[in-house]
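Here are the chains, one letter per residue:
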Amino acid sequence: MMITTATASATETARSRCRGVSYSSRRRRIWRGPRVPRTQQKEKHPERLLSSVGAATSSSIRCASSSSQREQQSSISEQQKQRMMGVVVVAEKEVEEGAEEEEDEAVKKKKSKKDDENNSSSSDENLVLLATATIAGGIVALNGGPEESLEKIQGFMLSFWNGLIGNHAPGVGGYIEDVYLATLFFGTAYALWRSSAVPRPIGNPIQRKSRTLASTLHVFSGAGALAVALYAVVVERVFRESPGWTWMWVTSSLFLVNSLSYGPLMNIFKASKEGKYAMQLGYSFVASFQGVVWIAWSAQPDAPDWMFWAVMPFWYFSIAKLWESTEFCLALVPEVPRDVKEEDMSFGNKLNKFITAGSRKRLGKMSPDAATLTYVGLNAAAAVFDNCYMAVYTYLGPEQFWHTSQLFNDSDFHLRLVKGTTGSLTVALLIFISTLGWRKQMPMKYAIWLNVALGSVGPWIVLFWHKLLDPSEMWFPQFVFDPEFAYHAYIPSLFGQ
């Protein structure tokens, strides 16, 4: 019984250590051997018990050895994992150190580049100051020296002040004129200060994002147009005088170049579809206003006869701004609900979708707020009026077109020489201010309301400028016909018909 108990105990120990090895399989391995007679088996029973104990003990030893080996392998694996983790940690540290070094190098390069730019900018500013001082010195020398120049400056400032006060228009109209022209003056001065054409330290130019020929022409023609147009406004308000032919040709050319060279810049102009289309409409107004300028100057006594024909190409810009203004109106029409199927739409909804779909696609989603409605409505009305203006001039020609104004509206006939340019200045200024807003150089809410004030209301103030000076004059002299004057079609009369 003791041997049997020991055998069972040894067997159970082997079974617990050798996981998954069955007792029957071990028994088959133990009892495997040559067959012997049953009598011999009975006689050798004690030896079989001892052999079973030895086999179980041996199996236990083998399983223990196997477990030890597994533990050693597990220990080795853990050590390898630890070594690998150590390698990974070291690699991560090296990567972090490399990234930090690269970041430090990038910071150093950026700082070095910034220092180089600052040094270059400082050198450029010194050159600008030197050039400015040289020009000022040349002007002083041409005027006969410092004392004579100072006397001329004092005389000009005195006459300027006297004209500013003495030529103030009477009544409310004079105050409206002063407020509007003062807004135009300071707005233009600010635009020139921020223009890329005016270098530091005289100006505070915004960074140019394009260096192409078109962008260069656009920047410098725009700055030049603003400056020479502002000169005419100041001369008119202070001295009640109009510039001459040279000023007219230079100003009109600059505005035309500026309005025709903006196209390539639209590819890099980061604005909404509505904003880009509004800029396109603005430049159509600027270009078409040059036709208004030429219409005004074609009535001068010394104007060449071909100026009438030179006005005709501006029909293109006049019709373009009419169509673009119409597109804004169509984009604001209430949209047909999208859940309505085509077969369920009424004729009105189908017509609405057919007419307005293209405008909505080109302008994007527009919100009908107060500023937008004011902008769209006044621009559409101005486009309609300007096309009527062009049509009457085309039919009557210079002399008949200005007949009523020349005989009965002195202020209107005088102001005609600067009205078109002042309108161009107004629209060009609002385009630049809008650009500052889109480039986050000015709060957009200010840019929007200045856009409404200058772009939508401003041209109407310019149109009725003569009424501010003399309220007794007609609102639209060019559309009032003298019954005692014989009107006829101008173009057929050129051919004797």
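Further up the page is the structure itself.
Read on for an overview of the structure. Each chain has its residues counted from 1, following the order in which its sequence is written. Two thresholds apply to this predicted model, a pLDDT of at least 70 for residue-level local features and 80 or more for giving and counting side-chain atom pairs, whereas whole-chain, interface and lining totals are computed over all residues. Excluded from the side-chain calculation are hydrogens and water; included are all heavy atoms of the structure.

**What about helix 7 (residues 213-239)?**
Consideration 1: Here a helix means four or more residues in a row that DSSP labels H or I, a strand means two or more in a row labelled E, and each is numbered from the N terminus. Helix span, expected: 1.5 Å multiplied by one less than the number of residues in the helix. Taking 1.5 Å per residue as the helical rise, helix 7 with its 27 residues ought to reach 39 Å, and the 38 Å between its terminal C-alpha atoms agrees with that figure.
Consideration 2: Two residues or fewer past helix 7, R240 is found with a positive phi of approximately 55°.

**Brief notes about helix 11 (residues 315-331)**
Consideration 1: Given a rise of 1.5 Å per residue, 17 residues ought to cover 24 Å, and the 24 Å separating the end C-alpha atoms of helix 11 matches this to within 8%.
Consideration 2: Buried means the residue's accessible area, taken with a 1.4 Å probe over protein chains only, is under 20% of the maximum for its type, while exposed means over 50%, and partly exposed covers the values in between. For helix 11, the full list of buried residues reads F317, S318, A320, K321, E324, S325, E327, F328, L330 and A331.

**Focus on a nonpolar patch on the surface**
Consideration 1: Patch definition: residues with relative accessible area over 30% and no salt bridge; like charges joined within 9 Å; nonpolar side chains (Val, Leu, Ile, Met, Phe, Trp, Tyr) joined within 5 Å. Where accessible areas are quoted, they stem from the Shrake-Rupley method and a 1.4 Å probe; at the residue level, only the protein chains shown are allowed to cover. Salt bridge criterion: a side-chain nitrogen from Lys or Arg within 4 Å of a carboxyl oxygen from Asp or Glu. Residues F347, L351, F354 and I355 make up a contiguous nonpolar surface patch of about 480 Å² in total accessible area.
Consideration 2: Among the secondary structure elements, F347 is positioned in helix 12 (residues 347-363).

**Thoughts on the nonpolar core**
Consideration 1: With 87 residues, the main nonpolar core has M248, W294, I295, W297, F328 and F401 as its most contacted residues.
Consideration 2: Of all the elements, helix 9 (residues 273-297) adds the most residues to this core, at 15 residues. Among the buried residues, those of types Ala, Val, Leu, Ile, Met, Phe, Trp, Tyr and Cys that are joined through side-chain atoms within 4.5 Å form a nonpolar core.

**Brief notes about unusual backbone geometry**
Glycine aside, negative phi is the norm for most residues, and most peptide bonds take the trans geometry.
Consideration 1: R200 connects to P201 through a cis peptide bond whose omega is 0°.
Consideration 2: As for its position among the elements, P201 is in the loop between helix 6 (171-194) and helix 7.
Consideration 3: Although it is not a glycine, R240 sits at a positive phi angle of roughly 55°.
Consideration 4: Within the secondary structure, R240 is located in the loop between helix 7 and helix 8 (245-260).
Consideration 5: For K440, which is not glycine, the phi dihedral falls at a positive 60°.
Consideration 6: Considering the arrangement of structural elements, one finds K440 in the loop between helix 15 (410-438) and helix 16 (444-463).
Consideration 7: A relative accessible area of 75% means that K440 is categorised as exposed.

**A look at a negative patch on the surface**
Consideration 1: Only four residue types enter the tally: Lys and Arg on the positive side, Asp and Glu on the negative side; His and the chain ends are excluded. By convention, the charge on Lys lies at NZ, on Arg at CZ, on Asp at CG and on Glu at CD. Together, E100, E101, E102, E103, D104 and E105 make up a negatively charged patch on the protein surface.
Consideration 2: Mapped onto the secondary structure, E102 falls in helix 4 (residues 45-142).
Consideration 3: You can call E102 exposed: its relative accessible area is 56%.

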